[in-house]
Amino acid sequence: MRARILIIGTIAALAAGCVAVPDSGYYDEGYPYDYYGGYYGPDYGWGPDFFVGPGREHGGHHHFGHGGEHGGFGHGGGGSHSFRSAPAGRSMPSLPSGGRHR
Amino acid sequence: MKTGKTWDIGKTLKQGLLVAAFFGAIVAMPAAAAPLRLPAVVEPVSREQHPGKVVFQELATPDIAAAERFYGGLFGWTFREVQTGGLKYAEARLDGHPVAGLVQKDLPKGKERAPAWLSFISVADLDGAVKVALENGAKTLFGPRELPNRGKEAVLSDPQGAVFALLTSSSGDPSDILALYGEWIWSSLVVPDPDKDAAFYQKLADYEVFELPSGSSGTEHFLLASGNYARASVNTTPPGGKTGPLWINFVRVEKADQMAARAVALGGTVLVAPRPDRHGGKLAVVADPQGAALGLMEWTAAGEEVVK
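K.L.:
Run through the overall build of chain A, naming residues and quoting values.
P.N.:
A count of helical and extended segments in chain A gives one helix and one strand. Relative to all contacts within chain A whose residues are 6 or more apart in sequence, the contacts with residues 24 or more apart total 21%.

K.L.:
Provide a residue-level description of the overall build of chain B, including the pertinent values.
P.N.:
Across its full length, chain B holds five helices and 17 strands. For chain B, with 308 residues in total, the buried portion stands at 49%. For chain B, long-range pairs separated by at least 24 residues make up 62% of all intrachain contacts whose partners lie at least 6 apart in sequence.

K.L.:
Please set out the sheet that holds strand β15 (residues 269-276) of chain B residue by residue, giving values where relevant.
P.N.:
Picture the strands of a sheet paired through backbone hydrogen bonds; they go either parallel or antiparallel. Residue and element names in this part refer to chain B. Across the sheet, eight strands lie side by side as β11-β12-β13-β10-β14-β17-β16-β15; this open sheet has mixed pairing. Looking at strand neighbours, the two that pair on one side only are β11 (208-212) and β15, the edges of this open sheet. Geometrically, the sheet is characterised by an average inter-axis angle of 25° between neighbouring strands, direction not taken into account. This element, helix α5 (residues 256-265), spans β14 (246-253), β15, β16 (282-287) and β17 (293-298) of the sheet and lies at about 10° to β16.

K.L.:
Please provide a residue-by-residue account of the confidence of the model for chain B, values included.
P.N.:
Residue and element names in this part refer to chain B. In the predicted model, chain B carries a mean pLDDT of 87, and the fraction of residues at 70 or more is 86%. Predicted confidence in chain B is weakest over helix α1 (residues 9-33), with a mean pLDDT of 53, and strongest over α5, with 98. Within the model, the stretch residues 25-33 combines pLDDT values under 50 with ten contacts to residues more than four positions away or in other chains. Reported for the predicted complex are a pTM of 0.82 and an ipTM of 0.80.

K.L.:
Account for helix α2 (residues 64-75) of chain B, with residues named and values stated.
P.N.:
All names here are of chain B. Look at α2: 16 Å from first C-alpha to last across twelve residues, which is about the 16 Å you get at 1.5 Å a residue. Along α2, the residues that are buried comprise I64, A67, F70, Y71, L74 and F75. Across the axial projection of α2, the buried residues extend over an arc of 125°, all falling on one side. Tucked inside the fold, the buried residues of α2 contact β1 (54-61), β3 (87-94), β4 (97-104), β14 and α5. Note on α2: the residue one or two positions beyond its end, G76, has a positive phi of about 80°.

K.L.:
How would you sum up the nonpolar core? Please name residues and give values.
P.N.:
One finds B:L102, B:L166, B:I185, B:L224, B:F250, B:V286 and B:L296 to be the most contacted residues of the largest nonpolar core, which totals 103 residues. Those residues in contact with B:L224 that sit more than four places away from it in its chain are B:G52, B:A198, B:Y201, B:Y207, B:V209, B:R231, B:A232 and B:V234.

K.L.:
Would you mind going over the sheet that holds strand β7 (residues 139-147) of chain B in detail, with residue names and values included?
P.N.:
Residue and element names in this part refer to chain B. Pairing in this open sheet of eight strands is mixed, and the strands run β2-β3-β4-β1-β6-β9-β8-β7 from one edge to the other. In this open sheet, the two strands that pair with only one neighbour each are β2 (78-84) and β7. Averaged over all pairs of adjacent strands, the angle between their axes in this sheet comes to 25°, without regard to strand direction. Across seven bridges, β2 lies against β3 in antiparallel orientation. Counted as the bridge partner of Q83 is K88 from β3. Sheet contacts for α2: β1, β2, β3 and β4; angle to β3, the most-contacted strand, approximately 5°. In the packing of helix α3 (residues 126-135) onto the sheet, contacts are made with β7, β8 (151-157) and β9 (163-169), and the angle to β7 comes to roughly 175°.

K.L.:
A description of unusual backbone geometry should follow, citing residues and the corresponding values.
P.N.:
All names here are of chain B. Cis geometry marks the peptide bond from E43 to P44; its omega dihedral reads 0°. Assignment of secondary structure puts P44 in the loop between α1 and β1. A cis geometry characterises the amide bond from G143 onward to P144, with omega recorded as 0°. By secondary structure assignment, the location of P144 is in strand β7.

K.L.:
Report on the confidence of the model for chain A, specifying residues and quantitative values.
P.N.:
When pLDDT is low, close inspection of the predicted coordinates is not appropriate. In the predicted model, chain A carries a mean pLDDT of 64, and 40% of its residues have values of at least 70. Segment residues 59-78 of chain A: pLDDT under 50, and 62 contacts once partners within four positions in sequence are set aside and those in other chains are kept.

K.L.:
A description of the pairing of β4(B) should follow, citing residues and the corresponding values.
P.N.:
Residues and elements named next belong to chain B. Where β1 and β4 come together, four bridges link them in parallel fashion. By the bridge assignment, E58 is partnered in β4 with G101. From the end of β3 to the start of β4, which pair antiparallel, there are two residues, and D95 there has a positive phi angle of about 55°.

K.L.:
Outline the environment of B:D127, supporting the account with residue identities and numerical values.
P.N.:
All names here are of chain B. Topologically, D127 is positioned in helix α3. The exposure class assigned to D127 is partly exposed, which follows from the 14 C-beta atoms found within 10 Å. Distance from D127 to P274, taken between C-alpha atoms, is 40 Å for residues 147 residues apart in sequence.

K.L.:
So what's going on with the pairing of β3(B)? Which residues, and what values?
P.N.:
Residues and elements named next belong to chain B. Adjacent in sequence and paired antiparallel, β2 and β3 are bridged by two residues, among which G85 carries a positive phi angle near 55°. Here six bridges tie β3 to β4, and the two strands are oriented antiparallel to one another. Within the sheet, the bridge partner assigned to A92 lies in β4 and is A100.

K.L.:
Could you give me a rundown of helix α4 (residues 194-205) of chain B, with the residues and numbers involved?
P.N.:
Three or four residues apart is the spacing at which side chains of an α-helix point the same way, because the helix has 3.6 residues per turn. Residues and elements named next belong to chain B. Given a rise of 1.5 Å per residue, twelve residues ought to cover 16 Å, and the 16 Å separating the end C-alpha atoms of α4 matches this to within 8%. Among all positions of α4, only P194, D197, A198, A199, F200, Y201, Q202, L204 and A205 are buried. At the C-terminal side of α4, D206 shows a positive phi close to 55°.

K.L.:
Before we move on, can you summarise the environment of B:R262 with the specific residues and values?
P.N.:
Within the secondary structure, B:R262 sits in helix α5. Between the C-alpha atom of B:R262 and that of B:F70, which follows or precedes it by 192 residues, the distance is 9.6 Å.

Analysis parameters
- Residues numbered from 1 in each chain as written.
- Chains lettered and ligands numbered in written order.
- Predicted model: local features only at pLDDT ≥ 70, side-chain atom pairs only at ≥ 80, totals over all residues.
- Helix = DSSP H or I, 4+ residues; strand = E, 2+ residues; numbered from the N terminus.
- Contact = placed C-beta atoms within 7 Å.
- Buried ≥ 20, exposed ≤ 12 C-beta atoms within 10 Å, placed from the backbone.
- Pairing = 2+ DSSP bridges.
- Axes fitted to C-alpha atoms, helices over the stretch in contact; angles between N-to-C directions.
- pLDDT = per-residue confidence, 0-100.
- Expected span 1.5 Å × (residues − 1).
- Arc of directions from axis to C-beta.
- Core = buried A, V, L, I, M, F, W, Y, C linked by C-beta atoms within 7 Å.

Printed below as a string of structure tokens:
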């Protein structure tokens, strides 16, 4: 009888223990999400005209990109992209330039 | 008819559950005593919300002490270690403000993996954004889950496999101001099909999408904007590039050449040598001593006085 009580008690306690771990998900050891990225080595292949940064601030209309029928940034309806282009003639935004208030 | 030797299953279960309650309490005690409490993303608390802005970065690293030496030496970050919920975590700070989080995690065995910085994109409705993401080919890796101090977050992989996080921060979002040297200033997503991912992220955060001139090799360069600010780029993995789909976050530096050299002196490696980018300043990509990639970007705002 005592053995049965201990077995049932142990199983229930283990089950409770599994449920009682902190509710922290991927921050826990053993969480199935592989936290790490792939290892790619040093060959990124970024040539001299492979740009990733933003452009400079622009006040008016510019004619980068395909321009479409309306000009301006984006495609203005002239492209065949999956995304919705910014409105025709819309100036391209840049990075914030204001300082921190102390 | 019951006898003294018959197994009274009800009584046994009752006694068993009492034993379970006793041991269960012992097992659960440490967890209950140390719930996970990550530092706030913004301090002091902000009332601002900037959906679409990359508001936080978190590094998973197998050696948090080595990472602190590297990033402290490179950017002047200071660290406040947090032992919470069995997790070793360090909050990185610069100029009195949180700037990043470092999480100690062992490298998975048997796989060629590298530590990585995780980008957190602000969204106003996290559950709604996750739903949209899943409907458009993303996979959930974690959450959505409410974390004390942090807010509600989820980690996902986008339709091309780039891992990112969504966050509705309970401490608000950082202000839209010019990053200091040593603060994050830019994020770029490099994927085989940037058109597809530009559409995906636009659905999540209602970005305006701009196309910039392509490189000579035909690589595309899209810009994601929200709140009238540029937030991130989406680029084609260049021909010959051996990277998988990935987000790379850039820290603002005064001189990319000098900082890349300092990164090497601190045990890091240069992945993309400093070279001019579209805005005229230089950028570079380096890896910390454990292999996590990050960018260095020069940026001088119009009219800004550069303090030497």
